[in-house]
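Report on the structure
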Amino acid sequence: MWGGRFSARPADIMQAINVSIGVDRRLWTQDLAGSRAHCRMLAAQKIITQADAEAILGGLQAIEAEIRDGTFQFRDQFEDIHMNVEARLAELIGEPSGRLHTARSRNDQVAVDFRLWVRDACDGAIEQLKGLQSALLFRAEQHASDLMPGFTHLQPAQPVTFGHHLMAYVEMFGRDAARFADARTRMNESPLGAAALAGSPFPIDRHMTAAELGFDRPMGNSLDAVSDRDFALESLAAASICAGHLSRLAEEIVIWMTPQFGFAALTDDLTTGSSIMPQKRNPDAAELVRAKTGRIMGSLVALSTVMKGLPLAYSKDMQEDKPPVFEAFDALTLALGAMTAMISALQPNTRRMREAAGSGFSTATDLADWLVRELNLPFRKAHHVTGAAVKRAEALGVDLSQLPLAELQSLEAGMTEAVYKVLTPEASCASRQSFGGTAPEQVRARIAEWKTRLA
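Conventions we followed
- Think of each chain on its own: its residues are numbered from 1, step by step along the sequence as written.
- It should be noted that, the model being predicted, local features are given only for residues of pLDDT at least 70 and side-chain atom pairs only at 80 or more, the latter also being counted only at that level, while totals for whole chains, interfaces and linings use all residues.
- Excluding hydrogens and water, the side-chain values take into account all heavy atoms of the structure.
- A helix here means a DSSP run of H or I that spans at least four residues, while a strand means a run of E at least two residues long, and both kinds are numbered starting from the N terminus.
- The size measure is the radius of gyration over C-alpha atoms, and the globule rule it meets is 2.2 Å times the number of residues to the 0.38 power.
- The rule is simple: take the accessible area with a 1.4 Å probe, protein chains only, and divide by the maximum for that residue type; under 20% is buried, over 50% is exposed, in between is partly exposed.
- Any pair of residues with heavy atoms lying within 4.5 Å of one another is described as a contacting pair.
- Values of accessible area rely on a 1.4 Å probe in the Shrake-Rupley scheme; residue burial ignores everything except the protein chains shown.
- For this count, His and the chain ends are skipped, Lys and Arg are scored as positive, and Asp and Glu as negative.
- Working definition for charges: the position is that of NZ of Lys, CZ of Arg, CG of Asp or CD of Glu.
- Axes here mean lines fitted to C-alpha atoms, for a helix over just the part in contact, with angles spanning 0 to 180 degrees between N-to-C directions.
- Orientation labels follow simple angle bins: below 35 degrees gives roughly parallel, above 145 gives roughly antiparallel, 65 to 115 gives roughly perpendicular, and whatever is left gives oblique.
- Should the near helix be turned counterclockwise from the far one by less than a right angle, the crossing is left-handed, whereas a clockwise turn marks it as right-handed.
- Residues are sorted three ways: Asp, Glu, Lys and Arg are charged, Ala, Val, Leu, Ile, Met, Phe, Trp, Tyr, Cys and Pro are nonpolar, and all the rest, Gly among them, are polar.
- Joining through side-chain atoms within 4.5 Å is the link that ties buried Ala, Val, Leu, Ile, Met, Phe, Trp, Tyr and Cys residues into a set, and such a set is a nonpolar core.
- Strand pairing is assigned whenever DSSP identifies at least 2 bridges connecting the two strands.
- When two cysteine sulfur atoms are found within 2.5 Å, that pair is recorded as a disulfide.
- By salt bridge we mean one thing: a side-chain nitrogen of Lys or Arg within 4 Å of a carboxyl oxygen of Asp or Glu.
- Contacts described as polar in this section are N or O atom pairs within 3.5 Å, which, within protein, must combine one atom able to donate a hydrogen with one able to accept it, while residues neighboring in sequence count only if both atoms come from side chains.
- Given the number of residues in a helix, its expected span is that number minus one, multiplied by 1.5 Å.

**Quick word on the overall build of the chain**
Of the regular secondary structure elements, the chain holds 18 helices and six strands. For 455 residues, the compact-globule estimate of 2.2 N^0.38 gives 23 Å, and the chain exceeds it by more than 25% at 30 Å. The buried share of the chain, taken over its 455 residues, is 47%. In the chain, once contacts between residues fewer than 6 apart in sequence are set aside, the share between residues at least 24 apart is 75%. Taken as a whole, the chain presents about 21,300 Å² of accessible surface, with 54% of it coming from carbon and sulfur. Here the chain carries 47 positive and 55 negative side-chain charges, and the mean point of each set is 2 Å from the other.

The structure is reproduced here in structure tokens:
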């Protein structure tokens, strides 16, 4: 490619560190799309002849067919996907192939290829997230009224419904999808036509190539166009946050499946056994989803480190941008698929969850609220009285709802039998009628809203 300036072949070690076809070969779809758009623009602007353009487009079509049927040879000697395609094009059509690179550099070529790939990856993540949300919505609707303990510090706090708990993840994954969509909007500008760094002296039409490739517009600065990798970093940031949410849900599935909790089980096809302990049913899929977070977040750190301190415009350091992005989205795709399968197959133990919903004096706040509402106590005093009631119930080995009225009245004389109506987990949940609360009616309303949004 640069034989006119160099008289010696690259050293073996130079070839080893420089070659990237093993990684960037997966950009072939995007590379062909960018080349087609560039070729058509060159012909439209009369920078190359229509005959040469037709020969080039025919050659690119033949290359696509070879790649799809597995006969295309990806060769290390041609370094990357761009030069592999260009070399094969020359073999197929001869001299016209050399005109394709007019008004184009590998700098803007790789920038547009990579941007197209990341854009597709964001679209794929959004669709997968919608699938996961749909699975969660189906489960949440089934269990909109089924009680479970709500936790803070992993200690029983207040009763909630299982549907409400699942809907929390619908909200999280909705924000994840919005982050990918937001990143996609910002990345949807075309670097093609920026050439090496300064633009082109040829009368190119960057708006034409941008439109053909589905971009909103061309990027406004040629230096920025070839050196920007914000789109990759932003997408990795969105992937990292999403992975964090997946990990939290995976952790809960692991906890729920322990015999000590017994809140849920997974089917045989989504669990594994032990090589030595025949009784084991291990939530390996959930554990591996949890572990994928490390790969995804690590990819963000890796690319951030590569980009830190690079002067404008392009540096070969940026060849290292693709491995972390590819690895992160591969891991995210797998994790989203596995989590969707687990949610679809999850078998909740609603009886066990209901039994646990009232444990740990989880209706204590309802007692305090009743004292405020019915006896007009200041909340801080009601909190103190309730704390004393919990202490007394704990000493007697009973729940708050089993504490004798005389014991309650010894702490606050105004208490009546009516207080027991608020001390059940069902009453506690039903009373949480504020917007976004755990009352079944509120849960069902939020499910209906999300169904409409996803549709």
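Resuming the write-up.
**Quick word on the packing of helix α6 (residues 106–142) against helix α7 (residues 162–187)**
It is the contact of α6 with α7, at a shortest axis distance of 9 Å, that shows an interaxial angle of 165°. Taken together, the axes of α6 and α7 are roughly antiparallel relative to one another. Crossing of α6 against α7: the hand is left-handed. Classifying every residue of the contact of α6 with α7 gives 18 nonpolar, three polar and seven charged.

**Considering the nonpolar core**
Of all hydrophobic cores here, the largest spans 93 residues; its most connected members are Phe-180, Leu-246, Ile-253, Leu-332 and Met-339. Here the element with the most residues in this core is helix α10 (residues 230–257); it accounts for 15 residues. With residues up to four places along the chain from it excluded, the contact list for Leu-332 reads Ala-125, Gln-128, Phe-180, Ala-239, Cys-242, Leu-246 and Ile-296. Among the nonpolar cores identified, the runner-up in size contains 21 residues, and Ala-364, Trp-370, Leu-371 and Ala-389 belong to it.

**Comments concerning unusual backbone geometry**
Residues apart from glycine generally show negative phi values, whereas peptide bonds are mostly found in trans. Of the consecutive residues Leu-312 and Ala-313, the connecting peptide bond is found in the cis state with omega at 5°. Position of Ala-313 among the secondary structure elements: in the loop between α11 (284–307) and α12 (322–345). For Ala-195, which is not glycine, the phi dihedral falls at a positive 60°. Among the secondary structure elements, Ala-195 is positioned in the loop between β3 (189–190) and α8 (206–212). Given the relative accessible area of 10%, Ala-195 is considered buried. At Asn-376, a residue that is not glycine, the phi angle is positive and equals roughly 60°. Relative to the helices and strands, Asn-376 is located in the loop between α14 (364–375) and α15 (379–396).

**Thoughts on the pairing of strand β2 (residues 155–161)**
Inspection of the sheet shows strand β1 (residues 147–152) paired to β2 by six bridges, in the antiparallel sense. Of the residues in β2, the one forming a bridge with Gly-150 is Gln-158. Linking two consecutive strands that pair antiparallel, namely β1 and β2, is a turn of two residues; a positive phi of about 60° is found at His-153 within it.

**Structural notes on the state of the cysteines**
Taken as a whole and judged by the stated rule, the model has zero disulfides. For Cys-242, which is in no disulfide, the shortest distance to another cysteine sulfur is to Cys-122 and amounts to 11 Å. For Cys-242, a relative accessible area of 0% puts it in the buried group.

**Some thoughts on the pattern of salt bridges**
Going through the model one piece at a time under the given rule, you end up with 34 salt bridges. Between Glu-127 and Lys-130 there is a salt bridge; the shortest N-O distance is 3.8 Å. One end of the pair, Glu-127, and the other, Lys-130, are both in helix α6, three residues apart, so they sit about a helical turn from each other. A salt bridge links Arg-229 to Asp-321; the nearest nitrogen and oxygen atoms lie 2.6 Å apart. Of the two residues, Arg-229 is situated in the loop between α9 (222–227) and α10 and Asp-321 in the loop between α11 and α12; the sequence distance between them amounts to 92 residues. Under the relative-accessibility criterion, Arg-229 is labelled buried at 2%.

**Considerations on the side chain of Asn-18**
Within the fold, Asn-18 resides in helix α1 (residues 12–18). If we ignore the near neighbours within four places in the chain, the residues touching Asn-18 are Glu-79, Lys-316 and Gln-319.

**Brief notes about the packing of α10 against α11**
Orientation of α10 relative to α11, taken along the N-to-C sense of each, is 160°, at an axis distance of 8 Å. By the angle between their axes, α10 is roughly antiparallel relative to α11. By crossing handedness, the relation of α10 to α11 is classed as left-handed. For the contact of α10 with α11, the per-class residue count stands at 17 nonpolar, six polar and three charged.

**Looking at the side chain of Thr-271**
Mapped onto the elements of the fold, Thr-271 is located in the loop between β5 (264–265) and α11. Thr-271 gets classed as buried once you look at its relative accessible area, which sits at 13%. A polar contact is formed between the side chain of Thr-271 and the side chain of Arg-281, at a distance of 3.4 Å. Dropping the residues within four chain positions of it, Thr-271 is found in contact with Met-257, Leu-266, Arg-281 and Asn-282.

**Brief notes about α11**
In a regular helix each residue adds 1.5 Å, so 24 residues correspond to 34 Å; α11 covers 35 Å between its end C-alpha atoms and thus fits that length. What α11 keeps buried is the set Ala-285, Ala-286, Val-289, Thr-293, Ile-296, Ser-299, Leu-303 and Met-307. Those residues of α11 hidden inside the fold are in contact with α9, α10 and α12. Residue Gly-309 follows α11 closely and has a positive phi angle near 80°.

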